[in-house]
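Structural overview
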Amino acid sequence: NAGVTQTPKFRILKIGQSMTLQCAQDMNHNYMYWYRQDPGMGLKLIYYSVGAGITDKGEVPNGYNVSRSTTEDFPLRLELAAPSQTSVYFCASSGAASSYNEQFFGPGTRLTVL
Amino acid sequence: KQEVTQIPAALSVPEGENLVLNCSFTDSAIYNLQWFRQDPGKGLTSLLLIQSSQREQTSGRLNASLDKSSGRSTLYIAASQPGDSATYLCAVWGSQGNLIFGKGTKLSVKP
């Protein structure tokens, strides 16, 4: 199993540009999450999904959008990139009936907005 | 609001030493607690998951304990090795089913 995969690994955007960060998991997990990690800070939840077609906001959702059309994929969309969105983005998934189970993380996408 | 604190922020030890990393949380009504390892420029690797009904979990040289009443967890690393050098993150489960993270302890094990 590949686990949780993310693309791209690195990206530089100009202010105002848009992009989609891709996330996929092959563990048939229902729960998927997007976090961002800023230097010296803990990870913060952006959006999460409890299954295909169901998404909800986390702690820092402004400037982002998500969709979940399949169990496997959970893309994160940045519509108008801003320097404050410079960060490392991690996708995660978990598989129990309850979400209170072990989370598995992807390798991250390092995004710089100039 | 749940907050997670990790002390110390950084730790440097000689190879072979046993060490303890500390994690505290403000709301004792947690479900699970998870310890992660993060290498520079890499993703998070899950080390141990302690369910709320458990007191500790062990994996190899790692032992994690959980005391909900005092809002504390410790990660014990026995016989540390240079390959253990990394940032260790503690996280507890929040009300949205997400993890709430501490800022981590950066461990350096010197040969």
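I will try to describe carefully the structure that is included in this document. (Residues numbered from 1 in each chain as written. Chains lettered and ligands numbered in written order. Predicted model: local features only at pLDDT ≥ 70, side-chain atom pairs only at ≥ 80, totals over all residues. Heavy atoms only, no water.)

Let's shift gears to the side chain of serine 73 of chain B. All names here are of chain B. Tracing the chain through its elements places serine 73 in strand β8 (residues 72-77). Given the relative accessible area of 1%, serine 73 is considered buried. A polar contact of 3.1 Å, which involves the side chain of serine 73, links it to the side chain of tryptophan 35. Those residues in contact with serine 73 that sit more than four places away from it in its chain are Leu21, Asn22, Cys23, Phe25, Leu33, Trp35, Ile50, Ser65 and Leu66. (Helix = DSSP H or I, 4+ residues; strand = E, 2+ residues; numbered from the N terminus. Buried < 20%, exposed > 50% of the residue type's maximum accessible area, 1.4 Å probe, protein only. Polar contact = N/O pair within 3.5 Å; in protein donor to acceptor, adjacent residues only side chain to side chain. Contact = heavy atoms within 4.5 Å.)

Moving on, we get to the packing of aromatic side chains. When we look at a pair of aromatic rings, we describe it by the centre distance and by the angle of the planes. All told, the structure shown has 7 aromatic pairs over all chains when counted by the stated rule. On the basis of an interplanar angle of 85° and a centroid distance of 5.3 Å, the ring pair of phenylalanine 105 of chain A and phenylalanine 36 of chain B is categorised as edge-to-face. With phenylalanine 105 of chain A in strand β10 (residues 104-105) and phenylalanine 36 of chain B in strand β4 (residues 32-38), the pair connects residues from two separate chains. In terms of burial, phenylalanine 105 of chain A and phenylalanine 36 of chain B fall into one category: buried. Grouping aromatic residues by their ring pairs yields a cluster made of Tyr33, Tyr35 and Phe105 of chain A together with Phe36 and Phe101 of chain B. When the ring centre of phenylalanine 74 of chain A is taken as origin, the NZ or CZ atom of arginine 68 of chain A, which lies over that ring, is 6.0 Å away. (Phe/Tyr/Trp six-rings, centres within 6.5 Å; stacked < 30°, edge-to-face > 60°. Lys NZ or Arg CZ within 6 Å of the ring centre and 35° of its normal.)

So, on to the environment of glycine 43 of chain B. Summarising the element assignment, glycine 43 of chain B is placed in the loop between β4 and β5 (44-51). If we skip the residues at most four places from it in the chain, glycine 43 of chain B touches Phe90, Gly106 and Pro107 of chain A together with Arg37 and Gln38 of chain B.

To continue, consider the pattern of salt bridges. All names here are of chain A. Counted according to the given criterion, the structure contains 6 salt bridges over all chains. When the shortest N-O distance is used, the salt bridge between glutamate 59 and lysine 44 registers 3.8 Å. Separated by 15 residues along the polypeptide, glutamate 59 in the loop between β6 (54-57) and β7 (64-66) and lysine 44 in strand β5 (residues 43-51) bring together distant segments of the chain. (Salt bridge = Lys/Arg side-chain N within 4 Å of Asp/Glu carboxyl O.)

So, about the environment of serine 84 of chain A. All names here are of chain A. Structurally, the position occupied by serine 84 is in the loop between β8 (76-78) and β9 (87-94). What makes serine 84 exposed here is its relative accessible area of 53%. Note: C-alpha distance between serine 84 and glycine 108 (24 residues apart in sequence) is 18 Å.

This paragraph deals with the interface of chain B and chain A. Taken residue by residue, the interface counts 23 residues in chain B and 22 residues in chain A. Taken over both partners, the interface formed by chain B and chain A buries close to 1700 Å², and the fraction arising from carbon and sulfur atoms is 56%. Inspection of the chain B/chain A interface yields 1 salt bridge. With its nearest N and O atoms 3.6 Å apart, the salt bridge here joins glutamate 59 of chain A to lysine 1 of chain B. One can count 4 residue pairs in polar contact (both at pLDDT 80 or more) joining chain B with chain A. A per-element tally of the side of chain B that touches chain A places β4 of chain B first, with 4 residues. (Buried area = accessible area lost by both parts, 1.4 Å probe.)

Residues and elements named next belong to chain A. Applying the stated criterion across every chain, the model contains 2 disulfides over all chains. Linked covalently through their sulfurs, cysteine 23 and cysteine 91 form a disulfide whose S-S length is 1.8 Å. Here cysteine 23 and cysteine 91 share a disulfide; its torsion about the S-S bond, -70°, makes the bridge left-handed. Separated by 68 residues along the polypeptide, cysteine 23 in strand β3 (residues 19-25) and cysteine 91 in strand β9 bring together distant segments of the chain. (Disulfide = S-S within 2.5 Å.)

We now examine the sheet that holds strand β7 (residues 62-67) of chain B. Residue and element names in this part refer to chain B. Reading across the sheet, the 5 strands line up as β1-β3-β8-β7-β6 and stay open at both edges, with antiparallel pairing between neighbours. For this open sheet the edge positions go to β1 (4-7) and β6 (56-59), each flanked by a neighbour on one side alone. Pairs of neighbouring strands in the sheet enclose a mean axial angle of 15°, with direction left out of account. With 4 bridges connecting them, β6 and β7 associate as antiparallel partners. Residue pairing across strands places threonine 58 opposite asparagine 63, the latter belonging to β7. (Pairing = 2+ DSSP bridges. Axes fitted to C-alpha atoms, helices over the stretch in contact; angles between N-to-C directions.)

Moving on, we get to unusual backbone geometry. For the peptide bond that leads from threonine 7 of chain A to proline 8 of chain A, omega is -5°, which places it in the cis range. Along the chain, proline 8 of chain A falls in the loop between β1 (4-7) and β2 (10-13). Here the amide bond leading from isoleucine 7 of chain B into proline 8 of chain B is cis, since omega sits at 0°, within 30 degrees of zero. By the secondary structure assignment, proline 8 of chain B is in the loop between β1 and β2 (10-14).

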